[in-house]
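Report on the structure
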Amino acid sequence: MRVQRSLVLTAAVLGLVLLSGCRTDDVEGVPVAPSGSASGAEPTASAEPTADAAGRRVVDAATAGGLSRVTGDGAPSDVVVDPGEMRDGMNLVMNNYALAGGDPVLVVAVDNVPEETTERREHLWRGMLEHVKWDYGLGQPEAQPVEDAGPLGGSVECMLASLAEDGDVICGWADDTTAGVAHFPNSTLPEAAELFVAMRADLEK
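Residues numbered from 1 in each chain as written. Predicted model: local features only at pLDDT ≥ 70, side-chain atom pairs only at ≥ 80, totals over all residues. Heavy atoms only, no water.

**A look at helix 3 (residues 117–131)**
- Spanning 15 residues, helix 3 covers 21 Å between terminal C-alpha atoms, matching the ideal 21 Å at 1.5 Å per step.
- Along its buried surface, helix 3 packs onto strand 4 (105–110), strand 6 (155–160), strand 7 (167–174) and strand 8 (179–187).
- Immediately downstream of helix 3, the backbone of Lys-133 shows phi near 60 degrees, a positive value. (Helix = DSSP H or I, 4+ residues; strand = E, 2+ residues; numbered from the N terminus. Expected span 1.5 Å × (residues − 1). Contact = heavy atoms within 4.5 Å.)

Structure, rendered in structure tokens:
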């Protein structure tokens, strides 16, 4: 009789385990409705961060670092550099800036970046190198940190995309929420870095 009673208890426990294992709220991929909500109700989307919570934003400045935004035929007519994924609540700035008769400086910047801003800066760098038609057979240009990132802080780096000491220079910044790059033709690393920091002060608010 002891054996029979043990078998009955074992069967009862096994039945409870099997029943509990069939609950739909334990099945991967099946959402569990929150308590108090009606069955089948749509989940409430999380609120987007406000501008204050998201931090500084990039702006379509008329002048940047003393250079004027180029309009008309000299302005970018299309998305010349892939800015990466753009979500609701993000701003994109893509402009040429120049002194009268000078070489245009192309700026591409975004804000409210959903991933690490240094990752977005690297994406923008690759796009800018493609824009200037950099030959990767010559190697990968090495970014050099700029000691004085200016009053906005974050990280500022520049790279020489040229075999000479002057030529195409690409600079980029990254901080808590924004990232931007710029192409300086016929420049040097020190000259481009100084101008880039000054331009950023007008492009990020």
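That covers the picture; the talk isn't over yet.
**Structural notes on the confidence of the model for the protein**
- Averaged over the protein, the pLDDT score is 80; the fraction of residues at 70 or greater is 74%.
- Overall, residues 1–54 carries pLDDT values under 50, and its contacts beyond four positions in sequence, including any with other chains, amount to 8 contacts. (pLDDT = per-residue confidence, 0-100.)

**Observations regarding unusual backbone geometry**
- For Asn-112, which is not glycine, the phi dihedral falls at a positive 50 degrees.
- Mapped onto the secondary structure, Asn-112 falls in the loop between strand 4 and helix 3.
- Phi is positive for Asn-186, which is not a glycine, with a value near 50 degrees.
- A relative accessible area of 60% means that Asn-186 is categorised as exposed. (Buried < 20%, exposed > 50% of the residue type's maximum accessible area, 1.4 Å probe, protein only.)

**Let's talk about the environment of Glu-165**
- With respect to the secondary-structure elements, Glu-165 resides in the loop between strand 6 and strand 7.
- For Glu-165 and Ser-187, which are 22 residues apart along the polypeptide, the C-alpha to C-alpha distance reads 8.7 Å.
- Other than its neighbours up to four places away in sequence, Glu-165 contacts Leu-160, Ser-187 and Thr-188.

**Digging into the packing of aromatic side chains**
- Within this structure, the stated rule accounts for 2 aromatic pairs.
- Pairing Trp-173 with Phe-196 gives two aromatic rings, centres 5.8 Å apart and planes at 40 degrees, and the pair type is tilted. In this pair, Trp-173 sits in strand 7 while Phe-196 sits in helix 4 (residues 189–203), placing the two residues 23 residues apart along the sequence.
- Between Phe-184 and Phe-196 the ring centres are 6.2 Å apart and the planes differ by 90 degrees, which places this aromatic pair in the edge-to-face class. With a gap of 12 residues between them, Phe-184 in strand 8 and Phe-196 in helix 4 connect regions that are remote in the sequence.
- With relative accessibility at 2%, the residue Phe-184 sits in the buried group.
- Taken together, the ring pairs connect Trp-173, Phe-184 and Phe-196 into an aromatic cluster. (Phe/Tyr/Trp six-rings, centres within 6.5 Å; stacked < 30°, edge-to-face > 60°.)

**Thoughts on helix 4**
- In a regular helix each residue adds 1.5 Å, so 15 residues correspond to 21 Å; helix 4 covers 20 Å between its end C-alpha atoms and thus fits that length.
- Turning to helix 4, its buried residues number three or more, namely Ala-192, Ala-193, Phe-196, Val-197, Met-199, Arg-200 and Leu-203.
- The backbone nitrogen of Glu-191 lies 3.3 Å from a side-chain oxygen of the residue at the head of helix 4, namely Thr-188. (Polar contact = N/O pair within 3.5 Å; in protein donor to acceptor, adjacent residues only side chain to side chain.)

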